[in-house]
Amino acid sequence: MSNISRRQLLTQVTLVGGGLSLQNMVIPNAVAADMNNKFNNKPLSDHDKKYLLRAIALSEKGDYPYGALLRFEDGEIIEAWNTVLSSGDPTRHAEMTLFSKIFTQDLDWIKDRGKLKTATLYISAEPCTMCAGGIFWVGIGRVVHGASVTAVDDIYKEIYPDTAFSQLPVSVMAALHEVGVDVNGPYLNDKSAEVVRRRVKSAFDDNNPFEK
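Residues numbered from 1 in each chain as written. Predicted model: local features only at pLDDT ≥ 70, side-chain atom pairs only at ≥ 80, totals over all residues. Heavy atoms only, no water.

Let's shift gears to the overall build of the chain. Each helix and strand counted, the chain has ten helices and seven strands in total. Buried positions account for 46% of the 212 residues belonging to the chain. Long-range pairs, those at least 24 residues apart, make up 64% of the contacts in the chain with a sequence separation of at least 6. Here the chain displays about 10,700 Å² of accessible surface, and carbon together with sulfur accounts for 52% of that area. (Helix = DSSP H or I, 4+ residues; strand = E, 2+ residues; numbered from the N terminus. Buried < 20%, exposed > 50% of the residue type's maximum accessible area, 1.4 Å probe, protein only. Contact = heavy atoms within 4.5 Å. Areas by Shrake-Rupley, 256 points an atom, 1.4 Å probe, with all protein chains shown as cover.)

Here you go:
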């Protein structure tokens, strides 16, 4: 493989199907264009706060500071956190790790669609595009998340000024909302962001994988 930086790789990618050009930063898709979409028109309930705080606490266990918790309607709970470093797999975000976990615990993606549809996924920070796609394909009906993609990217750039992008420069929460997922967030932004800020430096040390 040629010696190419993450920044160079990103700027060569065009997602023509979604209308996203990273090189020119043009995002014509209406549902994905607004990175500041907020789906928290009502106050965070005590019930949701309890589990979102747990997801944020789980992020402390992660290789990178992200945690996720899936609560089914019957009260069953499954937890996971980011395992990117320990697994050597950059796709092992908290949400993706959780999805792998639930389907190795006798859950059937087809037969249990109703159970997944009525479940709530609590995430310490807004999911990236990969994890949002996972939410869609798994069929999770409701999402409650912490710090926004924009807030997280700002933290990376604050700690590492040479950061190009730590996230794809779009929020797909509006897209999930558009296809019927009940999206709620960002909530507890300051608390969620504080964990990210504190843990990112220790996770990366001086090796910023998002440098320009």
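Next up on the list: the sheet that holds strand E5 (residues 120-125). Strand pairs in the sheet, formed through backbone hydrogen bonds, run parallel or antiparallel to each other. The mixed open sheet is built from five strands, whose spatial order is E4-E3-E5-E6-E7. Whereas interior strands pair on both sides, the edge strands pair on one side only; in this sheet they are strand E4 (77-81) and strand E7 (182-184). Averaged over neighbouring strand pairs, the angle between their axes works out to 15° when direction is ignored. Sheet topology places strand E6 (residues 142-147) next to E7; three bridges connect them, and they run parallel. (Pairing = 2+ DSSP bridges. Axes fitted to C-alpha atoms, helices over the stretch in contact; angles between N-to-C directions.)

Take it as geometry only, folks, not as evidence of what the structure does.
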